[in-house]
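# Structural features, examined
Residues per chain are reported as follows:
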Amino acid sequence: MNAQNNNKLLLKVSGLQKSFGDLEVLKGVNLDIYKGDVIAIIGPSGCGKSTFLRCVNCLEDPTGGSILFNGADIADPKVDINIHRQKIGMVFQQFNLFNNLNVLDNITLAPIMKEMKNRKLTGKTKKEIKESAENRARELLKMIGLEEKEKAFPSTLSGGQKQRIAIVRALAMNPDVILFDEPTSALDPEMVGEVLDLMKKLAQSGMTMVIVTHEMGFAREVANRIIFMDNGVIAEEGHPSQFFSNPQNPRLKTFLSKVL
């Protein structure tokens, strides 16, 4: 089922461009992301996949184009991106956990900061905010079977555990969409499955996800749309059944023949 048939438009990317000096990485990318979409982005190294994600989250400032999210163009430098970024989760290749904080504190840091800023509106005490964030974090840890790790530090965790904690940290902010930048590429092969299983559960729960991945089997099974990026543009897009069985773009045909 294609989510865009019956769900609301969450993010509208139009003519997105990004250059680093003379190097033009994104050359006008257009993409509509609907609530409930699970979009897998594939393509050769250096084609602009990760740069695209980082621009959508404004970790990189786009050179041109627009990104409409909740009625605001977050590519516009005048827009306060921090307000909107709270609703756009990001999961990185290298986990990006804070090594000096335990698991519970890693998960609760951003929600507590967000609620502290809103204290005048909510009237909550510091203690109430902390307790609420910790209760939510413990629920999420239980969901992924790592509740006994709440006091552990990242250095004591496996790669698969770190990445699941990183996903939970994104979930703790109750985002509208989560962006995944090759979430399994830094993992040992035996740990890939536990992270992909969690992502499958999220997809089944209706979480909107955009995933840059090399895991073709996962993309075929979980995504409702697959995008092939090549040379800074979207070269082909389609439903997994059509995309893998009957690719139209010559570059995509070559790419799939190498990776499948």
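Read on for a plain summary of the structure. (Residues numbered from 1 in each chain as written. Predicted model: local features only at pLDDT ≥ 70, side-chain atom pairs only at ≥ 80, totals over all residues. Heavy atoms only, no water.)

This part takes up the overall build of the protein. Across its full length, the protein holds ten helices and ten strands. Taking the intrachain contacts of the protein between residues at least 6 apart in sequence as the baseline, contacts between residues at least 24 apart amount to 67%. For the protein, the computed accessible surface area is about 12,500 Å², with 49% contributed by carbon and sulfur atoms. Positive and negative charge centroids in the protein, built from 33 and 30 side chains respectively, lie 4 Å apart. (Helix = DSSP H or I, 4+ residues; strand = E, 2+ residues; numbered from the N terminus. Contact = heavy atoms within 4.5 Å. Areas by Shrake-Rupley, 256 points an atom, 1.4 Å probe, with all protein chains shown as cover. Lys, Arg positive; Asp, Glu negative; His and termini not counted. Charge placed at Lys NZ, Arg CZ, Asp CG, Glu CD.)

Taking strand neighbours across the sheet as the criterion, the six strands line up as E6-E7-E8-E3-E9-E10 in an open arrangement whose pairing is mixed. On the outer flanks of this sheet lie strand E6 (88-91) and strand E10 (233-238), each paired with one strand and no other. Pairs of neighbouring strands in the sheet enclose a mean axial angle of 20°, with direction left out of account. Looking at chain direction, strand E3 (residues 38-42) and strand E9 (residues 225-230) are connected through four bridges and run parallel. Across the sheet, Ile 39 pairs through a bridge with Arg 225, a residue of E9. Relative to the sheet, helix H1 (residues 49-56) contacts E3, E6, strand E7 (177-181), strand E8 (208-212) and E9, its axis offset from that of E7 by approximately 150°. The strands touched by helix H6 (residues 159-171) are E6 and E7; relative to E6, the strand with the most contacts, the crossing angle is about 170°. (Pairing = 2+ DSSP bridges. Axes fitted to C-alpha atoms, helices over the stretch in contact; angles between N-to-C directions.)

Turning our attention to the packing of aromatic side chains. Counted by the stated rule, this structure contains two aromatic pairs. Relative to Phe 255, the ring of Phe 228 has its centre 5.4 Å away and its plane inclined at 45°; by these criteria the two rings are tilted. Placement of Phe 228 in strand E9 and of Phe 255 in helix H10 (residues 250-259) is noted, with a sequence separation of 27 residues between them. Here the two residues Phe 228 and Phe 255 agree in accessibility, since each one is buried. A centroid spacing of 5.4 Å and a plane angle of 75° characterise the contact between Phe 243 and Phe 244, whose relative ring orientation is edge-to-face. Each of the two residues, Phe 243 as well as Phe 244, counts as buried. The ring centre of Phe 20 lies 4.9 Å from the NZ or CZ of Lys 18, which sits over that ring. (Phe/Tyr/Trp six-rings, centres within 6.5 Å; stacked < 30°, edge-to-face > 60°. Buried < 20%, exposed > 50% of the residue type's maximum accessible area, 1.4 Å probe, protein only. Lys NZ or Arg CZ within 6 Å of the ring centre and 35° of its normal.)

Moving on to the packing of helix H5 (residues 126-143) against H6. Axis separation between H5 and H6 bottoms out at 10 Å; the angle between their running directions is 140°. In terms of their interaxial angle, H5 and H6 are classed as oblique. The element H5 and its partner H6 pack so that their crossing is right-handed. Here Arg 136, Leu 140, Leu 141 and Met 143 of H5 lie close against H6, whose contacting residues are Ile 165, Val 168 and Leu 171. Its residues assigned to classes, the contact of H5 with H6 comprises six nonpolar, no polar and one charged. (Parallel < 35°, antiparallel > 145°, perpendicular 65-115°, else oblique. Left-handed = near helix turned anticlockwise from the far one by under 90°. Nonpolar A, V, L, I, M, F, W, Y, C, P; charged D, E, K, R; others polar.)

Further remarks concern the side chain of Arg 225. Within the element layout of this structure, Arg 225 appears in strand E9. Within polar-contact distance, the side chain of Arg 225 engages the side chain of Asp 37 at 2.6 Å. (Polar contact = N/O pair within 3.5 Å; in protein donor to acceptor, adjacent residues only side chain to side chain.)

Applying the stated rule across the entire model yields 14 salt bridges. Taken together, the salt bridges that share partners define one network made up of Asp 37, Arg 225 and Glu 237. (Salt bridge = Lys/Arg side-chain N within 4 Å of Asp/Glu carboxyl O.)

Per the counting criterion, the structure on display carries zero disulfides. With no disulfide of its own, Cys 55 lies 7.6 Å from the sulfur of Cys 58, the closest cysteine sulfur. Look at Cys 55 and you get buried, because its relative accessible area is 0%. (Disulfide = S-S within 2.5 Å.)

Let us now look at the pairing of strand E1 (residues 9-20). Note that E1 and strand E2 (residues 23-34) share nine bridges and pair antiparallel. Pairing of Lys 18 across the sheet is with Leu 26, part of E2. Here E1 folds back onto E2, and the loop between the two strands holds two residues, one of which, Gly 21, carries a positive phi near 65°. The pairing of E1 with strand E4 (residues 64-69) spans five bridges and is classified as antiparallel. The residue bridging Ser 14 from the neighbouring strand is Ser 66, located in E4.

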